[in-house]
Number of protein chains: 2
Amino acid sequence: MNDGLKILQDHLALKVDIKQIDFQKFSNYTVTKHFNKGEYFLRQGQAARYLAFLFKGVMCSYAIDNKGEKHVIQIAVEGHWISDLFSFLTREPANYYIEAMESTEVLLLSQENFDRACVEFPVFERYFRLLIQSAFINLQRRITHIYKDSAKDRYLRLIAEKPEIVHSVPQHYLASFLGIKPQSLSRIRSEIARSGR
Amino acid sequence: MNDGLKILQDHLALKVDIKQIDFQKFSNYTVTKHFNKGEYFLRQGQAARYLAFLFKGVMCSYAIDNKGEKHVIQIAVEGHWISDLFSFLTREPANYYIEAMESTEVLLLSQENFDRACVEFPVFERYFRLLIQSAFINLQRRITHIYKDSAKDRYLRLIAEKPEIVHSVPQHYLASFLGIKPQSLSRIRSEIARSGR
DNA sequence: CTGCTTAATTAACATAAGTGAATGCGCGGC
DNA sequence: GCCGCGCATTCACTTATGTTAATTAAGCAG
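Residues numbered from 1 in each chain as written. Chains lettered and ligands numbered in written order. Predicted model: local features only at pLDDT ≥ 70, side-chain atom pairs only at ≥ 80, totals over all residues. Heavy atoms only, no water.

**Student:** Where do I start with the packing of aromatic side chains in this structure?
**Tutor:** To describe a pair of aromatic rings, you give the distance between the ring centres and the angle between the ring planes. Applying the stated criterion across every chain, the model contains 28 aromatic pairs over all chains. A centroid spacing of 4.8 Å and a plane angle of 75 degrees characterise the contact between A:Phe114 and A:Phe128, whose relative ring orientation is edge-to-face. One end of the pair, A:Phe114, is in helix H4 (residues 111-120); the other, A:Phe128, is in helix H5 (residues 122-148), with 14 residues separating them in the sequence. Its relative accessible area of 1% is what places A:Phe114 among the buried residues. Judged by centre distance (5.6 Å) and plane angle (90 degrees), the rings of B:Tyr62 and B:Tyr173 are edge-to-face. Here the residue B:Tyr62 occupies a position in strand S4 (residues 59-64), and B:Tyr173 occupies one in helix H8 (residues 171-178), the gap between them amounting to 111 residues. (Phe/Tyr/Trp six-rings, centres within 6.5 Å; stacked < 30°, edge-to-face > 60°. Helix = DSSP H or I, 4+ residues; strand = E, 2+ residues; numbered from the N terminus. Buried < 20%, exposed > 50% of the residue type's maximum accessible area, 1.4 Å probe, protein only.)

**Student:** Sorry, what's going on with the protein's contact with DNA strand D here?
**Tutor:** Taken together, 15 residues form the shell around DNA strand D, and within it A:Gln183, A:Ser184, B:Gln171, B:His172 and B:Ser186 come nearest. A:Ala151 is positioned such that a nitrogen or oxygen atom in its backbone is 3.0 Å from a phosphate oxygen of DNA strand D. By residue number, the principal contributor to the surface near DNA strand D is helix H9 (residues 182-195) of chain B, which donates four residues. A per-class count over the surface near DNA strand D returns three nonpolar, eight polar and four charged. (Near = heavy atom within 4 Å. Polar contact = N/O pair within 3.5 Å; in protein donor to acceptor, adjacent residues only side chain to side chain. Nonpolar A, V, L, I, M, F, W, Y, C, P; charged D, E, K, R; others polar.)

Next up, the structure:
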């Protein structure tokens, strides 16, 4: 069993009881893939045929609107799943790009295998439900923070929670994730540097 | 079968194939409840013991922060589920209040019955996974809109999508949901009235 | 290593939303 | 039906972030 599967198994074990034998079978549904920095796992307009479980590296998902503005909506690090769920589920064209921010390793799970796994291993469907629930709860929290915290606070929180991304994700991606312009993030950073946090 | 169950059955049927007989059994897990305007389905600090399926009326969920500020995170109308998912799943104290904005009818599903339903009717667990997925996708969209649209645009979109709430939800709740102050919403509304949308 | 392209920083100015305060209206309780 | 309190509105002023633009720094291809 490779590294990625070990890490995935640990993540599954955090949420559900999965039998070794089931995980063994399930693991046959996944394939390992590598992305170099700057490579795309998904492009806006394509159908998202895979879910990716990230076990090394960092990926960002973002939309580009009709003014050419980038809107980063997720920064995924080790142990996160990433895809365009809407597209993955409906087979409609994706709304998001998903780009590797550094050399990145993932396990891929195709739509077909995802569906199979849900049917064959109820415990997997449960895992996935719990996973989405957590993701949903986190998004609700994120909205609350957007509303009640200043951009400076959100930046400080972000780098406290995911310190590893500071060195791998360009600042204008972070700014976009925070919902501000790169110039504003620059201003915030210089203010932090000057007067302390 | 009462009105609420009919509406719920229709909603289930939109996402999954559920046999009449299974729905019949499942429906025994729910109870109907009425809330008057201003009554609480849940309070911050309590454990959320139920999911509510709203088949008539309007409810809002919101957190109150340590400055006493209200942060509305969901406005639920007919056909929506509402609860504090985090609390419902973990049995930790809830982060949100959930208040009826007008006379409201719901079906309640307790934690125990929810768990039972997931085990007994895999199709229910599937329905619920799909439901949360949609909710997740909608939240992602909401964040994108917060970032790229002005408060005025978000207000116009809100009343276009849920026109019924304009008359039942007080303006300062709508403002909070949009992430702005009541005074700002007032300003925006008067601007719309003056110069057209 | 060099040079080109893109990213980050800084600054001056513009704008949207927040703040605090005064006014008046309306709904609910009696 | 009347009263009072909370809600909505308006206004003057403040503040955070956006915008535009110029400058410097950093990454990458050749």
